[in-house]
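Structural description and commentary
Each chain is listed here by its residues.
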Amino acid sequence: MANQNLQDTTKFFTVHMSHSRKELLDIIRVFKLPITNKNDKNKKQLQDAMVEVVRYLDNVEPEDEYFFINSKEELIEYLIKQNPAKTLTIKEKTEVMLIAKKLIAYSRNGYFLIPQGYMDAIDVYKDAVYISKFPEIPSVRKAIELVNNDQKLRDKIEMVIPRRVKKQLEKRKAVKQKHIPLYVKHGEFILTFD
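Attention here is on the structure that accompanies the text. Keep in mind that what you see is a predicted model, and the values were worked out from it rather than measured. (Residues numbered from 1 in each chain as written. Predicted model: local features only at pLDDT ≥ 70, side-chain atom pairs only at ≥ 80, totals over all residues. Heavy atoms only, no water.)

**Some points on the nonpolar core**
Ranked by size, the top nonpolar core spans 24 residues in total, and within it Ile27, Phe31, Leu33, Met50, Leu75 and Leu79 carry the most contacts. Taken together, the elements giving at least two residues each to this core come down to helix H1 (21-30), helix H2 (43-56) and helix H3 (72-80). By residue number, the principal contributor to this core is H2, which donates six residues. Residues in contact with leucine 33, not counting those within four places in the same chain, are Ile27, Ile28, Met50, Val53, Val54 and Leu57. Counting residues in hydrophobic clusters, the runner-up holds 23 residues, among them Tyr106, Tyr111, Val124 and Ile131. (Core = buried A, V, L, I, M, F, W, Y, C linked by side-chain atoms within 4.5 Å. Buried < 20%, exposed > 50% of the residue type's maximum accessible area, 1.4 Å probe, protein only. Helix = DSSP H or I, 4+ residues; strand = E, 2+ residues; numbered from the N terminus. Contact = heavy atoms within 4.5 Å.)

**Quick word on the packing of aromatic side chains**
Counted according to the given criterion, the structure contains three aromatic pairs. Ring centres 5.7 Å apart and planes at 75 degrees place the aromatic pair tyrosine 106 and tyrosine 118 in the edge-to-face group. Taken as a pair, tyrosine 106 in helix H4 (residues 90-108) and tyrosine 118 in the loop between H4 and helix H5 (121-131) lie far apart in primary sequence, 12 residues in all. Aromatic pair tyrosine 130 and phenylalanine 134: ring centres 5.8 Å apart, planes at 75 degrees, arrangement edge-to-face. Since its relative accessible area comes to 27%, tyrosine 130 is described here as partly exposed. Against the face of tyrosine 118 rests lysine 102, its NZ or CZ located 4.3 Å from the ring centre. (Phe/Tyr/Trp six-rings, centres within 6.5 Å; stacked < 30°, edge-to-face > 60°. Lys NZ or Arg CZ within 6 Å of the ring centre and 35° of its normal.)

**Quick look at the pattern of salt bridges**
For the coordinates displayed, the defined rule picks out six salt bridges. Notably, a salt bridge pairs lysine 81 with glutamate 77, separated by 3.0 Å at the nearest N-O pair. Residue lysine 81 is classed as partly exposed on the basis of its relative accessible area, which comes to 46%. Glutamate 77 sits in the partly exposed class, given a relative accessible area of 41%. One salt bridge in this structure joins aspartate 150 and lysine 152, with 3.6 Å as the shortest N-O distance. It is possible to trace a salt-bridge network through shared partners that takes in Lys22, Asp26 and Arg29. (Salt bridge = Lys/Arg side-chain N within 4 Å of Asp/Glu carboxyl O.)

**As for unusual backbone geometry**
With a phi close to 50 degrees, asparagine 37 is a non-glycine residue in the positive phi region. Inspection of the secondary structure assignment puts asparagine 37 in the loop between H1 and H2. By relative accessible area, asparagine 37 is classed as exposed at 54%. You will see that tyrosine 111, though not glycine, has its phi angle at about 60 degrees, which is positive. Its location among the elements puts tyrosine 111 in the loop between H4 and H5. For tyrosine 111, a relative accessible area of 18% translates into the label buried.

**Here we look at the packing of H2 against H3**
Contact pair H2 / H3: the axes reach a minimum separation of 10 Å and the direction vectors enclose 160 degrees. When the axis of H2 is compared with that of H3, the two are roughly antiparallel. For H2 against H3, the interelement crossing comes out left-handed. Along the contact surface, H2 presents Met50, Val54 and Arg55, while H3 presents Lys72, Leu75, Ile76 and Leu79. (Axes fitted to C-alpha atoms, helices over the stretch in contact; angles between N-to-C directions. Parallel < 35°, antiparallel > 145°, perpendicular 65-115°, else oblique. Left-handed = near helix turned anticlockwise from the far one by under 90°.)

**Description of the packing of H1 against H2**
The geometry of H1 relative to H2 is characterised by a closest axis approach of 9 Å and an angle of 30 degrees between their N-to-C directions. As far as their axial angle goes, H2 and H1 are roughly parallel. As for how H1 packs across H2, the hand of that crossing is left-handed. In this structure, H1 contributes Arg21, Leu24, Leu25, Ile27 and Ile28 to the contact, and H2 contributes Lys43, Leu46, Gln47 and Met50. Considered class by class, the residues forming the contact of H1 with H2 number six nonpolar, one polar and two charged. (Nonpolar A, V, L, I, M, F, W, Y, C, P; charged D, E, K, R; others polar.)

Pasting the structure below:
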């Protein structure tokens, strides 16, 4: 650190590898961490810089919109642990995506069981319940939305969408709605049909 008068108040820690470079940049931005040239650093350099900066912080501003972190200790705990949005291995995510695509195809093709490889509605329900545990994946949300319209299924599948994902979806929806131009003209109009 540039200023030698600062006290290192925290033991050394390492940032878990599951946190992406993009997410690290988001953390730096949201918590206003004083890291210079952050956009020029690779993931490893960002991790090292964050550890150095966070160790010397007294505390952080509470953040309740995206990360839901209220203290320095919670930030360190978040950085040490696996990224909660990336709990699946690549192999598991591939399997979940294949099931989601199968359910989407099933739904878009009139809810017919046999063409998509299902023998009965129970198989469809089991697949939907399994993938519903991963609502952070957009294909899963779409598949569950479509499968819930199937008349053969008595019980609807509920997904618990994490607050962080909800916030991201709300922001995207707001951006989409903001950019839709609407023109209203008042007056008398004459329409002729040939």
